[in-house]
Amino acid sequence: MDIKQIIEKLTLEEKAALLQGWSTWTTREIKHLGISAMFLSDGPHGLRKQAEKGDHLGMGASVKATCFPTAATMANSWDPALGELLGQALGEEAAASHVHMVLGPGLNIKRSPLCGRNFEYFSEDPYLAGKMAAAYIRGIQKCGVVACPKHFAANSQELRRMSMDSVVDERALREIYLTGFEIAVKEGMPRAIMSSYNMVNGTYANENSHLLKEILRDGWGFDGMVVTDWGGDNDHTAGVKAGSNLVMPAPGANLARSLVQAVRSSELEESVLDARLREMLPVILETAEALKDAPCSFDEKAHHEIARRCAAQSIVLLENDGILPLTKKSEVALIGDFGAVPRYQGAGSSMVNPTRLTNLLEALTCRGMNLVGYAQGYSRTDPRPQPGMIREAADMAKQAEIVLLCIGLDEISESEGLDRRHLELSPGQQELAEEVCKANANVIFVLSGGAPFRIPRGARAIVHGYLGGQAGSEAMADVLLGDVNPSGKLNETWPLELEDIPCYDYFPSKERTSEYRESVYVGYRYYDTAGVPVRYPFGFGRSYTSFAYSDLTVNEECVSFTLKNVGDRDGSEVVQLYVSAPGKLLFRPKKELKGFAKVFLKAGEEKRVEIGLDDKAFRYFNMKTNAWEQEPGEYTLSVAASAAETKLEGRLIIAGTDAPAPYGTLPDYQTAAVDKITDAEFEVLLGRPIPDGSWSGMLTENDAICQLYYAKSGAARLVYRILKRMNEKTEKRGKPDLNILFLYNMPFRAMARMTGGMVSDEMVADILRMVNGRFWGGLGRLIADFFQNQYKNKKFMRQLEEAEHG
Ligand code: BGC
């Protein structure tokens, strides 16, 4: 039967029921028409298929799978080919577990280093993020498994992530927040995409036809299925109209009923349901067919080796005065809890149950390293300095020739559902670093963490493994001992101070809107243009060897130059191409990444390197013409070793398009004075008044549970206080409790999306009545609506049963 015939045979109830999940991880099956259920699983850096009952946030154990380095780590490799290899291994594991769709990669832009989920995202730069994501997608889909890049779009903060309105001007949206997705969709061709929780300019991403129809489907040619984030649906009918196909996880029958009702009342045409099914059913049926005979196992050892290679290629050498690489003879003390219990992935829905895990202590011992001892140094669950541990560590440091000090972000610092408030390490780690550096002059910091933090001073070398996955410690040993030349470069800028971050004043936004006032000035685009000094620039990383760049030629198709390894070790160099636009017609960042390559050269070897210029090289988005345009004039093309180290420069005249200037002069945007942007200037970019984001006096279905402090009902405020206390307690324990964090940020409407049909939208309205001060009236209605909902859902389920059994 072809898709058309299947759709003709489906009843209205079946059509509606197919557009939402059946369980936490599966879609609905319709046996009599041969539509099987699809199994969906996280996540971006390894498979998280829950063995028992699903709970979506990784509380229940999942089957063992290879834990690869997280996206933030892999982006430091600047190596899409390696990303594709990782994707393929991930796809093989998914196929072996009969998982049809992998929920990833995640490629939101790191607007602020404080976003709790940055470890799951690739970069502050859309070009790098897009190229890496496209590679993962190609790899995953090679195995017949569907990739589902996420979260589309402008989802860059965790606080109130399910109801925040990202207020962002169209140019920044296109140039910064969507370009990565554009590359991922056009070059990776994913068969699914996940809409984000938040609103984008006043409309939920999942109901946003500008995003889903005009841009994604009509503009980029996406023909797959759009899946909501878990609990992310707001108005199912609006979502379906806008081009969203599947609500997840399992909202029960009441959402399907809402679609049937919408068709019956002519609010929604049945042909729209058919259109969504025409997009979704081929993905379900073809994937089921592709995985039918998939092998049930994978080569665990080989995948572990891929994880190790990925981690090794992503390690960034930040400082080195020549103390690295180590020799096996050096007498080394290993200090820091992360040396014995690695931090190798982040918390939340992406958490993988690894097939094996080594720590640095074992990895160095296996390699025959001369270790004088190990000291814990700090507690990762108690941030305070631990005097006994510090004393022990300093004493050990005194006895060693060299100290490897393992520090970085601990578990509570970075997690889904939680944004950081500062850039500091725990006081315990800071004091330890100070004391160890006083005790020994040869200290090497070995860092872990998925986002920038303030690194103490005093080390002779700093090497950063980010979150290296299950083989991260072995990879670190490879680099420390010089078996692998470090070649990773930072996917993001490391600022000096918290206040230097361009969205400092607006992140994380606490009420209903998050104003992206900094517009296109994200990451290096800001620091560079405004001349703000940083700790480490975007694209930065040292090496044990060195490279010489020469003989640049440029034309409209490509740049080429000669790269020579002038050191005495083999190694790779990440070369970057930045383009600076004339910036006469409109304000522009000083330069933007438009190409890159990772080149391996033996010691003394040289190669001609070519980097192509694609359709993104000279374009900007013009809100007046509502199109991509090119500014006419002279462009500078810089071949660079990082955003702060240009090696070669060429110029090119581009005829450009004839578009009018999109706006007049905006002096603060011209100079990237992001802290001075006035309302009037931001409104020019937005093309509309800034929406009022303040709380309006009544809690609505889209306010989050953490806003219960506004409730009129004392009982509701008590619930808030209890939840807040529970949250604070888990923070103190140093281990994020994802269920509490989820609840905390969850809007009221999500109760009707996450309870398997037990709670309806009407019941949410009743609860809000109670919360807003009409307690008894609300309670009465709640009880009545509960029984109504049960009755209607049962009736609906009976109709489905009848259709199934004829
Ligand atoms: C996360 C998604 C994830 C989903 C399923 C959500 O809370 O935002 O990234 O894929 O849960 O676990």
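Procedures and definitions
- Residues numbered from 1 in each chain as written.
- Predicted model: local features only at pLDDT ≥ 70, side-chain atom pairs only at ≥ 80, totals over all residues.
- Heavy atoms only, no water.
- Salt bridge = Lys/Arg side-chain N within 4 Å of Asp/Glu carboxyl O.
- Buried < 20%, exposed > 50% of the residue type's maximum accessible area, 1.4 Å probe, protein only.
- Helix = DSSP H or I, 4+ residues; strand = E, 2+ residues; numbered from the N terminus.
- Near = heavy atom within 4 Å.
- Polar contact = N/O pair within 3.5 Å; in protein donor to acceptor, adjacent residues only side chain to side chain.
- Areas by Shrake-Rupley, 256 points an atom, 1.4 Å probe, with all protein chains shown as cover.
- Nonpolar A, V, L, I, M, F, W, Y, C, P; charged D, E, K, R; others polar.
- Core = buried A, V, L, I, M, F, W, Y, C linked by side-chain atoms within 4.5 Å.
- Contact = heavy atoms within 4.5 Å.
- Pairing = 2+ DSSP bridges.
- Axes fitted to C-alpha atoms, helices over the stretch in contact; angles between N-to-C directions.
- Phe/Tyr/Trp six-rings, centres within 6.5 Å; stacked < 30°, edge-to-face > 60°.
- Lys NZ or Arg CZ within 6 Å of the ring centre and 35° of its normal.
- Expected span 1.5 Å × (residues − 1).
- Parallel < 35°, antiparallel > 145°, perpendicular 65-115°, else oblique.
- Left-handed = near helix turned anticlockwise from the far one by under 90°.
- Bend = angle between axes of the 7 residues up to and from the residue.

Visitor: Which residues make up the pattern of salt bridges, and what values do they have?
Guide: Applying the stated criterion to the full structure yields 54 salt bridges. Where E120 meets R117, a salt bridge forms, and the shortest distance between an N and an O atom there is 2.7 Å. Given the relative accessible area of 1%, E120 is considered buried. As a salt-bridge pair, R454 and E497 come within 3.1 Å of each other at their nearest N and O atoms. Taken as a pair, R454 in the loop between β15 (443-448) and β16 (461-464) and E497 in the loop between β17 (494-495) and β18 (513-515) lie far apart in primary sequence, 43 residues in all. Residue E497 is classed as partly exposed on the basis of its relative accessible area of 33%. Connected through salt bridges with shared partners, the residues R117, E120, E158, R161 and E416 form a single ionic network.

Visitor: Could you give an account of the site of the ligand, naming the residues involved and the relevant values?
Guide: Neighbouring residues of the ligand: 15 residues in total, closest D42, R117, H151, D229 and E416. One of the side-chain nitrogen or oxygen atoms of R117 is found 2.7 Å away from an oxygen atom of the ligand. Between the ligand and E416, the relevant distance is 2.9 Å, taken from an oxygen atom to a side-chain nitrogen or oxygen of the residue. Surface burial for the ligand is 100%, taken as the share of its 310 Å² of free accessible area covered by protein chains. The class makeup of the residues in the shell around the ligand is five nonpolar, three polar and seven charged.

Visitor: Summarise the nonpolar core; cite the residues concerned and give the values.
Guide: Counting 167 residues, the largest nonpolar core has M101 and F152 as its most contacted members. The biggest single contributor to this core is helix α6 (residues 170-188), with nine residues. Filtering out sequence-adjacent residues up to four positions away, M101 remains in contact with M38, F39, L40, S41, V145, V146, C148, A192, M225 and V227. Counting 61 residues, the second-largest nonpolar core is a separate cluster that includes A72, M369, V436 and L490.

Visitor: Give me the sheet that holds strand β3 (residues 101-102): which residues, what numbers.
Guide: One open sheet accounts for three strands, arranged β1-β3-β4; its pairing is parallel. The open sheet has two edge strands, β1 (40-41) and β4 (146-147), and neither has a second partner. Bridge count between β3 and β4: two bridges; the pairing is parallel. Paired with M101 across the strands is V146, a residue of β4.

Visitor: Can you tell me about the sheet that holds β15, naming the residues and giving the values?
Guide: In a beta sheet, neighbouring strands pair by backbone hydrogen bonds and run either parallel or antiparallel. One open sheet accounts for six strands, arranged β10-β16-β15-β14-β11-β13; its pairing is mixed. On the outer flanks of this sheet lie β10 (316-320) and β13 (370-375), each paired with one strand and no other. Geometrically, the sheet is characterised by an average inter-axis angle of 20 degrees between neighbouring strands, direction not taken into account. Bridging between strand β11 (residues 331-335) and β13 involves five bridges; their strand directions are parallel. Residue pairing across strands places E331 opposite N370, the latter belonging to β13. Strands in contact with helix α14 (residues 427-439) are β11, β14 (402-408) and β15; relative to β14, the strand with the most contacts, it is inclined by about 170 degrees.

Visitor: Can you lay out the packing of aromatic side chains for me, pointing to particular residues and giving the numbers?
Guide: Overall, the coordinates contain 25 aromatic pairs when judged by the stated rule. Both rings, one in W78 and one in F596, keep their centres 5.2 Å apart while their planes meet at 90 degrees; by these two values the pair is edge-to-face. A residue pair is termed long-range when its members are at least 10 positions apart, and W78 in the loop between α3 (71-75) and α4 (80-96) and F596 in strand β23 (residues 592-601) qualify at 518 residues. Given a relative accessible area of 1%, W78 falls into the buried group. By relative accessible area, which is 14% here, F596 ends up buried. Following the ring pairs from residue to residue traces out a cluster consisting of W78, Y127, Y524, F538, Y578 and F596. Here the basic side chain of K49 rests over the ring of F39, its NZ or CZ set 4.8 Å away from the ring centre.

Visitor: Kindly report on the pairing of β11, identifying the contributing residues and their values.
Guide: Judged by how many residues are buried, β11 sits mostly within the fold: four of five residues are covered. Pairing of β11 with β14, which is carried by four bridges, proceeds in the parallel orientation. In the sheet register, I335 faces β14, and the bridge partner there is L405.

Visitor: Which residues make up unusual backbone geometry, and what are the values?
Guide: Residue P105 follows G104 across a cis peptide bond; omega there is 5 degrees. Summarising the element assignment, P105 is placed in the loop between β3 and α5 (126-142). In this model, M248 is joined to P249 through a cis peptide bond whose omega is 0 degrees. Its place among the elements puts P249 in the loop between α8 (236-242) and α9 (253-264).

Visitor: Go over helix α11 (residues 300-314), please, and point to the residues and values.
Guide: With 15 residues, α11 extends 21 Å between its outermost C-alpha atoms, agreeing within 8% with the 21 Å of an ideal straight helix rising 1.5 Å per residue. When α11 is considered as a whole, its buried residues turn out to be H303, H304, I306, A307, R308, C310, A311, A312, Q313 and S314. Looking at the buried residues of α11, the elements they touch are α3, α4, β10, β16, α15 (472-480) and β23.

Visitor: Describe the environment of H805, and please don't skip the residues or the numbers.
Guide: Locating H805 in the fold gives a position in the segment after α22 (775-804). For the pair H805 and R781, spaced 24 residues apart in the sequence, the C-alpha separation amounts to 36 Å.

Visitor: Can you tell me about the packing of α11 against α15, naming the residues and giving the values?
Guide: Running from N to C, α11 and α15 point in directions that differ by 50 degrees, and their axes come no closer than 8 Å. With respect to α15, the element α11 is oriented oblique. For the crossing formed where α11 meets α15, the hand is right-handed. Judged by residue contacts, H304, R308, A311 and A312 of α11 engage G472, E474, A475, D478 and V479 from α15. Grouping the amino acids of the contact of α11 with α15 by side-chain chemistry returns four nonpolar, two polar and three charged.

Visitor: So what about α6? Which residues, and what values?
Guide: The axis of α6 is deflected most strongly, by about 60 degrees, at L178. With its phi angle positive at about 50 degrees, M189 sits one or two positions after the end of α6.

Visitor: An account of the side chain of T26 is needed here, citing residue identities and associated values.
Guide: With respect to the element layout, T26 can be found in the loop between α2 (12-18) and β1. Accessibility expressed as a relative area gives 14% for T26, which makes it buried. Of the polar contacts made by the side chain of T26, one reaches the side chain of S23; its length is 2.6 Å. With residues near it in sequence (within four places) discarded, T26 still touches G21, A37, M38, F39 and M248.

Visitor: Would you mind going over the packing of helix α21 (residues 761-771) against α22 in detail, with residue names and values included?
Guide: Packing of α21 against α22 brings their axes to within 7 Å, and their N-to-C directions diverge by 165 degrees. Here α22 runs roughly antiparallel to α21, going by the angle between their axes. Considering the relative orientation of α21 and α22, their crossing is left-handed. Residues E762, M763, D766, I767, R769 and M770 of α21 touch α22, and the partners they reach there are F775, G778, L779, R781, L782, D785, F786 and N789. Its residues placed into classes, the contact of α21 with α22 shows seven nonpolar, two polar and five charged.

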